[in-house]
Every structure is written in structure tokens, then in C-alpha cells.
Amino acid sequence: VQLQASGGGLVQAGGSLRLSCEASGSLFSTSIMGWYHQAPGKQREMVATITSGGNTNYADSVKGRFTISRDNVKSTGYLQMNSLKPEDTGVYYCNLRRQIGIGLLYDYWGQGTLVTVSS
């Protein structure tokens, strides 16, 4: 599986961006898809996840501002980011998580896309 993230860029505070993550292979539709944020000098943190059935989970910091979605036919996931804040700046990584055994999970990562929010 290869993940290609895109859609990052420079935006002013209060603006919007839509990130996309296209997956190769046939595992996308049966995997949990997620977006993770790594701010400069900090650890990578979960932003949002969505199951194959469409159940979503968000970090408290983005609830009401970001929306995760997926198109299983296109093997593509999305992150709509509205009301962006300077603290949203960083690299955004897409992730596919699969259960490969009892209690065993495997993560696939994309290369990341840079989001810069100016104040």
C-alpha cells in the first residue's frame, strides 16, 4: 500500500484547506483511515480517524472545525479543515490501519503534506 497525501499549503488564519490521501492497492476500503499532525518540534498526534463504515473520531482541538471523510470507490480519504489557526501549522500525514491478527495492528503512512497557517 502506498499513500499519497496532497492539498497542503499556506493559508491565513481563519481560512480553509482540503487535504486528500490517495491509496494504491485494494486495502483501503477495509482499513481505518486517519490523519495525523506533527507540529514543528513536537510528536505526531491524531487529528481524526474514520472507519470503513464511516464512524469518525476527532481530537478535541479540531472538533467543529475539521471533517474527515472517505470515498472507498476512489480509495481516497479527505480532511476538510476550516477556521484554521496558527497552531494547526505542521505536517499532516495520512494513515491506514489494519488488524493483521488478534490484537495486532499494522500502520501504513503517507509522506505528509505541509500546512502553514499565518496569523
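Everything in this summary refers to the structure shown in the same document. This is a predicted model, so every value here is computed, not measured. (Residues numbered from 1 in each chain as written. Predicted model: local features only at pLDDT ≥ 70, side-chain atom pairs only at ≥ 80, totals over all residues. Heavy atoms only, no water.)

**As for the overall build of the protein chain**
Of the regular secondary structure elements, the protein chain holds 0 helices and 11 strands. Taken over the C-alpha atoms alone, the protein chain extends approximately 45 × 30 × 25 Å along its principal axes. By residue count, 40% of the 119 residues in the protein chain fall in the buried class. Sequence separation of 24 or more characterises 53% of the internal contacts of the protein chain that already satisfy a separation of 6 or more. Accessible area for the protein chain stands at about 6500 Å²; split by element, carbon and sulfur atoms hold 47% of it. (Helix = DSSP H or I, 4+ residues; strand = E, 2+ residues; numbered from the N terminus. Buried < 20%, exposed > 50% of the residue type's maximum accessible area, 1.4 Å probe, protein only. Contact = heavy atoms within 4.5 Å. Areas by Shrake-Rupley, 256 points an atom, 1.4 Å probe, with all protein chains shown as cover.)

**Details of the pattern of salt bridges**
Counted under the stated rule, the structure contains 3 salt bridges. Of the charged contacts, one joins D60 and K63 as a salt bridge, the two residues approaching to 3.1 Å between their closest N and O atoms. Between R65 and D88 there is a salt bridge; the shortest N-O distance is 2.8 Å. Here R65 is found in the loop between β6 (56-58) and β7 (66-71), whereas its partner D88 is found in the loop between β8 (76-81) and β9 (90-101), with 23 residues between them in sequence. Here R65 and D88 have matching classes, each one buried. (Salt bridge = Lys/Arg side-chain N within 4 Å of Asp/Glu carboxyl O.)

**So, the sheet that holds strand β3 (residues 17-23)**
The sheet built from 4 strands is open, its strands ordered β1-β3-β8-β7 with antiparallel pairing. The outermost strands of the open sheet, each flanked by one partner alone, are β1 (3-6) and β7. When strand polarity is set aside, the average angle formed by the axes of neighbouring strands in this sheet is 15°. Of the strand pairs in this sheet, β3 and β8 are connected by 6 bridges, and their pairing is antiparallel. Its bridge partner lying in β8, L19 is registered against L79. (Pairing = 2+ DSSP bridges. Axes fitted to C-alpha atoms, helices over the stretch in contact; angles between N-to-C directions.)

**Let's talk about unusual backbone geometry**
Despite not being glycine, S75 has its phi angle at roughly 55°, a positive value. Tracing the chain through its elements places S75 in the loop between β7 and β8. Even without being glycine, S83 reaches a positive phi, approximately 50°. With respect to the element layout, S83 can be found in the loop between β8 and β9. Given the relative accessible area of 41%, S83 is considered partly exposed.

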